[in-house]
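If you want the building blocks of each chain, they are given just below.
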Amino acid sequence: MKKFETNAIRTQLEKSINREHSVPMYLTSSFVFEDAEHMRAMFADELEGNIYSRFTNPNTSEFIEKMCLLEGAEAGYATASGMAAIFASFMGLLKSGDHILAASSIFGSTHTVISKFLPKWGITFTYADINKPNTWEGLIKENTKMIFVETPSNPALDIIDLEWLGKLANKHNVILNVDNCFATPFIQQPIQFGAHLVTHSATKYIDGQGRVMGGIVLGTTELIKEIHTFCRSTGPSLSPFNAWTLSKSLETLAIRMERHSQNANTLASFLEKNENIEYVRYPFLESHPHYKIAKKQMSLGGGIVSFEIKGGISRGRKFLDALEMCSLTANLGDTRTIATHPASTTHAKLTEQERKDVGITPGLVRISVGLENSIDIVNDISQALEKSN
Ligand SMILES: Cc1ncc(COP(=O)(O)O)c(C=O)c1O
């Protein structure tokens, strides 16, 4: 069994007759058959191979194979975005009459899918509080089919004990579905702790350079088969171009996550001592309420730092306007440092109370710490804090 970095770099499609070193792009919608019998056998699933890029494509297959190795999963399906992966994991496996238990601290669009769309198809939901783990078992019902969590969560950086949750899900025979977008498989592998499915917004750290959208759902062969059938018919597939880009990006995931975490740690330590800050959240700061769990299941703290600026929303906006280098944009996990204000952007569709429940206070700022020199990152944030005063 090869190591993480080696798998991320050396898992490649077989060379073509051109003996290329770097895998080429297979920008083709469909694949030709040898003859009528070959075509029949392919459609009958008697032979393996590519038919049509909505089903499979060589670039997508390479990306999936790598991600399976990195997450320790048996199978996967790659989608056009992270939300498509999450939605497919629900639609492929849940039916009318089922119940989903989800952590209340989750990404805004996932929250919308669970609370606004799933009920339309007769799938009910309950949100559970990460800070009250002893209430979770009581929230599992006869018809609970899936538990969905995000750890660390976006943007409050709550951490859930995956070992505990894996045991709980398995005790009740419920599918545990973990959004591993913030940690990436380099930092945390939920399947090791008993998760049955892992979803990703590959748009974030997996691309890592703010270029393409993508998503993936990984897990057991049995579960992925259902999800694959749903996707093959409904069409949320990842484009071959994006799959090629994402597979290339994985070659540098380990080295990028190390530097993102190092820079984020430097920024978090700086902010913790800064008088303009109410509180700072970073998984590897001892002051984080779930520090011990983070240390148990994550190898590094990751690249996201959240903080509450003194003076609430109006000071928060002044701070964002005073930034000179950091970008104001909706993405995260980029080489460029990004600042966002979740209450007025990613989580704006939630009610004030819903935002409060998921730990989003009005002055909460989320920094996706990039790969610029950490001195320049800290200097920009420091000068903006001063100017916002
Ligand atoms: C934790 C998390 N999950 C899922 C998504 C959705 O991914 P995408 O934007 O690729 O659809 C995001 C996007 O920000 C996210 O932060």
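Residues numbered from 1 in each chain as written. Predicted model: local features only at pLDDT ≥ 70, side-chain atom pairs only at ≥ 80, totals over all residues.

Lining the immediate environment of the ligand, one finds 14 residues, of which Ser81, Gly82, Met83, Ser201 and Thr203 sit closest. In terms of residue class, the shell around the ligand is made up of 5 nonpolar, 7 polar and 2 charged. (Near = placed C-beta within 6 Å. Nonpolar A, V, L, I, M, F, W, Y, C, P; charged D, E, K, R; others polar.)

When two helices pack together, their arrangement is given by the angle between the helix axes and by the axis-to-axis distance. Following both chains from N to C, one finds helix α4 (residues 82-91) and helix α9 (residues 221-234) inclined at 115 degrees, their axes separated by 8 Å at the closest point. With respect to α9, the axis of α4 lies roughly perpendicular. Crossing angle aside, the handedness with which α4 passes α9 is right-handed. Counted together, Ala88, Ser89 and Met91 of α4 and Ile227, Phe230 and Cys231 of α9 form the full contact between these two elements. Residue composition of the contact of α4 with α9, grouped by class: 5 nonpolar, 1 polar and no charged. (Axes fitted to C-alpha atoms, helices over the stretch in contact; angles between N-to-C directions. Helix = DSSP H or I, 4+ residues; strand = E, 2+ residues; numbered from the N terminus. Parallel < 35°, antiparallel > 145°, perpendicular 65-115°, else oblique. Left-handed = near helix turned anticlockwise from the far one by under 90°. Contact = placed C-beta atoms within 7 Å.)

Take the sheet that holds strand β11 (residues 338-340) next. Reading across from one edge, β8-β9-β12-β11-β10 is the order of the 5 strands in this open sheet, with mixed pairing throughout. The open sheet has two free edges, formed respectively by β8 (277-281) and β10 (327-328), since each of these has just one partner strand. In this sheet, strand β12 (residues 364-368) lies alongside strand β9 (residues 304-309) in antiparallel orientation, the contact comprising 5 bridges. Residue pairing across strands places Ile304 opposite Ser368, the latter belonging to β12. Packed onto the sheet, helix α11 (residues 253-272) meets β8, β9 and β12 and runs at close to 15 degrees relative to β9. Most of the contacts of helix α13 (residues 312-322) go to β9, to which it runs at about 130 degrees, and overall it touches β9, β10, β11 and β12. (Pairing = 2+ DSSP bridges.)

With that settled, the discussion passes to the environment of Ile255. Turning to its location among the elements, Ile255 is positioned in helix α11. The class of Ile255 is partly exposed, set by 13 C-beta atoms lying within 10 Å. With 145 residues separating them in the primary sequence, Ile255 and Thr110 have C-alpha atoms 29 Å apart. (Buried ≥ 20, exposed ≤ 12 C-beta atoms within 10 Å, placed from the backbone.)

Segmentation of the chain into domains returns domain 1 (4-250) and domain 2 (253-387). Relative placement of domain 1 and domain 2: their C-alpha centres are 26 Å apart. Taken together, the contact pairs 33 residues of domain 1 with 34 residues of domain 2. Among the secondary structure elements, those contributing two or more residues to the side of domain 1 that touches domain 2 are α1 (4-10), α5 (108-117), α7 (162-171), α8 (184-187) and α10 (240-250). Along the lines of polarity and charge, the residues of the side of domain 1 that touches domain 2 split into 16 nonpolar, 12 polar and 5 charged. (Domains from an automatic or database assignment.)

Of note, Gly49 is situated in the loop between α2 (36-43) and α3 (58-71). Sequence separation between Gly49 and Leu176 is 127 residues, and the spatial gap between their C-alpha atoms is 31 Å.

Turning next to the packing of α11 against helix α15 (residues 374-387). Packing of α11 against α15 leaves a shortest axis separation of 10 Å and a crossing angle of 35 degrees. Considering only the axes of α11 and α15, their crossing is right-handed. When α11 is examined against α15, the residues Asn263, Thr266, Leu267 and Phe270 are found in contact with a partner set consisting of Ser374, Ile377, Val378 and Ile381. Residue classes in the contact of α11 with α15 are distributed as 5 nonpolar, 3 polar and no charged.

Moving on to the nonpolar core. By size, the foremost hydrophobic cluster in this structure holds 103 residues, and its most contacted members are Ala88, Leu267 and Val305. Leave out the neighbours within four places in its chain, and Leu267 touches Val305, Ile367, Val369, Ile377, Val378 and Ile381. (Core = buried A, V, L, I, M, F, W, Y, C linked by C-beta atoms within 7 Å.)

Our next topic: unusual backbone geometry. A cis amide bond, omega -10 degrees, links Thr151 with the succeeding residue Pro152. Positionally, Pro152 belongs in the loop between β4 (144-150) and α7. Of the consecutive residues Asn154 and Pro155, the connecting peptide bond is found in the cis state with omega at 5 degrees. Within the element layout of this structure, Pro155 appears in the loop between β4 and α7. The residue Leu157 is not glycine, and still its phi comes out positive at about 60 degrees. Counting through the fold element by element, Leu157 comes out in the loop between β4 and α7. We classify Leu157 as buried; it has 26 C-beta atoms within 10 Å.

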